Amino acid sequence: MDLLPLNDIIVAVVIALLLASFAVAWMRLPMRRNGRRPVAGWRASLFVLAMLILAAVLLPPFDDLADAHFSAHMAQHLVLLVVAPPLLAASQAQLVFLNLLPLAARRRVGRSVAHVPGMKFAAHHSSTIWFVCLSSIAILWFWHLPEAYNWAQRSEAVHDAEHLLFIITETAFWRVILFRRERELRRAGAALILVAMSVQGGLLAAIITFAGKPMYMPYATNPYALADQALGGVMMWVIAGLVYLGAFVVLFVQALQQEPRSGRSPLRA
């Protein structure tokens, strides 16, 4: 039986360590008087689910399939962009992981983070929302430029960095959408952002789908390269669109249920 490549072993070990650490931290969460933990069990389940999905697409056999077929690689990207990040954001896993530290250490970490220059501004100013959104768009488009895409395919280190940037920027985006406080981002504003994100993602998907020639060299020798590329573009169009649409519907319903406040903009500083 062939051994896994070193890169796959590293990915598997990192995911296993994250799951084990999360389980230990979860057991250390204090119980409230009502018998529940500060982070709900269903949120913990979302973190575990996200890790298992990431393992499924980043490790063989699916990772080998992604190396051979653009559509499979695009499925991998979709998991990193619109499947795992909202699960990770909703899980509130950072609150669980803090319990790996003693109480005194957690307090020191909190004070240290609070004193980082610009941290309070970033936490409460609406410009942070635009920074997160624009970063998400920039990362998405950059790594789907043919030159950048081919670069990532030639280098495992660059490929891993690409995947990590996808997860970081998209998890930050979904945390803004799900948890930004009412003072900075109303639900109606979050819904409008989702529409804009869906449109720009759909534009990229359309470019890939309707390209008249293979855009990415690693797959150009495949006799069905153009059809495979079109399939990947359609997958991006449909799957990402459905995720954004579902989130939009939820936020739009929440916005309708909020008490109307005349004269307020959905986004404000």
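Nothing here was measured: the structure is a model prediction, and the numbers come from that model.

What follows covers the overall build of the chain. On a plain count of helices and strands, the chain comes out with 12 helices and zero strands. Along the chain, helices (α) and strands (β) appear in the sequence α-α-α-α-α-α-α-α-α-α-α-α when read from the amino end. Scored against the burial criterion, the 269 residues of the chain give a buried share of 41%. Summarising the internal contacts of the chain: among those between residues at least 6 apart in sequence, 75% fall at separations of at least 24. With an accessible surface of roughly 14700 Å², the chain has 71% of that area assigned to carbon and sulfur atoms.

Summarising the element assignment, Glu162 is placed in helix α10 (residues 156-179). Despite its burial, Glu162 pairs with no opposite charge, the nearest such side chain being Arg154 at 12 Å. Leave out the neighbours within four places in its chain, and Glu162 touches His77, Trp143 and Ala152.

Ranked by size, the top nonpolar core spans 67 residues in total, and within it Leu54 and Phe173 carry the most contacts. Here this core gets 13 residues from one element, more than from any other, and that element is helix α4 (residues 70-91). Non-local contacts of Phe173, meaning those with residues more than four positions away in its chain, are made with Val132, Cys133, Ile193, Leu194, Met197 and Tyr244.

Time to look at unusual backbone geometry. Among all residues except glycine, the phi angle is most often negative; among peptide bonds, the trans geometry is most common. Look at the link from Pro60 to Pro61: it is a cis peptide, with omega at 10 degrees. One non-glycine residue, Gln92, lies in positive phi territory at about 55 degrees. Relative to the elements of secondary structure, Gln92 occurs in the loop between α4 and α5 (93-97). A relative accessible area of 15% means that Gln92 is categorised as buried.

Now for the environment of Gln254. By secondary structure assignment, the location of Gln254 is in helix α12 (residues 225-257). Placed 67 residues apart in sequence, Gln254 and Arg187 show a C-alpha to C-alpha distance of 6.6 Å.

Interaxial distance between helix α8 (residues 127-143) and α10 falls to 9 Å at its minimum, and their mutual angle equals 150 degrees. In this view, α8 runs roughly antiparallel relative to α10, as classed from their interaxial angle. The chirality of how α8 crosses α10 is left-handed. The segment α8 lies against α10, with Ile129, Val132, Cys133, Ser136, Ile139, Leu140 and Trp143 engaging Val158, Glu162, Leu165, Phe166, Thr169, Glu170, Ala172, Phe173 and Val176. Taken together, the residues of the contact of α8 with α10 sort by class into 12 nonpolar, two polar and two charged.

For the rest of this paragraph, the subject is the side chain of His163. One can find His163 in helix α10. Residue contacts for His163: discarding those within four places in its chain leaves Leu58, His73, Gln76, His77 and Leu80.

Attention shifts here to the confidence of the model for the chain. Interpreting fine coordinate detail is not advised for predicted regions of low pLDDT. Scored by pLDDT, the chain has a mean of 87; 88% of the residues are at 70 or more. When pLDDT is averaged over each element of the chain, α4 comes out on top at 97 and helix α7 (residues 119-124) at the bottom at 56. Low pLDDT, under 50, characterises residues 265-269; the stretch is placed with 17 contacts to residues that sit more than four places away or in other chains.

Enumeration over the complete set of coordinates arrives at 14 aromatic pairs. Judged by centre distance (5.9 Å) and plane angle (75 degrees), the ring pair of Phe70 and Tyr219 falls under edge-to-face. Here Phe70 is found in helix α4, whereas its partner Tyr219 is found in the loop between α11 (187-209) and α12, with 149 residues between them in sequence. With centroids separated by 6.0 Å and ring planes inclined at 10 degrees, the aromatic side chains of Trp174 and Tyr244 adopt a geometry described as stacked. Linking Trp174 in helix α10 with Tyr244 in helix α12, this pair joins segments that are 70 residues apart in sequence. Taken together, the aromatic side chains of Phe70, Tyr149, Tyr216 and Tyr219 make up a single cluster linked through ring pairs.

Take the environment of Trp151 next. With respect to the helices and strands, the residue Trp151 is situated in helix α9 (residues 146-154). In the structure, Trp151 is positioned 67 residues away from Pro218 in sequence and 10.0 Å away in space, judged by C-alpha atoms. Ignoring anything within four residues of it in the chain, the contact list for Trp151 reads Phe142, Trp143 and Val158.

Rules and cut-offs
Residues numbered from 1 in each chain as written. Predicted model: local features only at pLDDT ≥ 70, side-chain atom pairs only at ≥ 80, totals over all residues. Heavy atoms only, no water. Helix = DSSP H or I, 4+ residues; strand = E, 2+ residues; numbered from the N terminus. Buried < 20%, exposed > 50% of the residue type's maximum accessible area, 1.4 Å probe, protein only. Contact = heavy atoms within 4.5 Å. Areas by Shrake-Rupley, 256 points an atom, 1.4 Å probe, with all protein chains shown as cover. Lys, Arg positive; Asp, Glu negative; His and termini not counted. Salt bridge = Lys/Arg side-chain N within 4 Å of Asp/Glu carboxyl O. Core = buried A, V, L, I, M, F, W, Y, C linked by side-chain atoms within 4.5 Å. Axes fitted to C-alpha atoms, helices over the stretch in contact; angles between N-to-C directions. Parallel < 35°, antiparallel > 145°, perpendicular 65-115°, else oblique. Left-handed = near helix turned anticlockwise from the far one by under 90°. Nonpolar A, V, L, I, M, F, W, Y, C, P; charged D, E, K, R; others polar. pLDDT = per-residue confidence, 0-100. Phe/Tyr/Trp six-rings, centres within 6.5 Å; stacked < 30°, edge-to-face > 60°.

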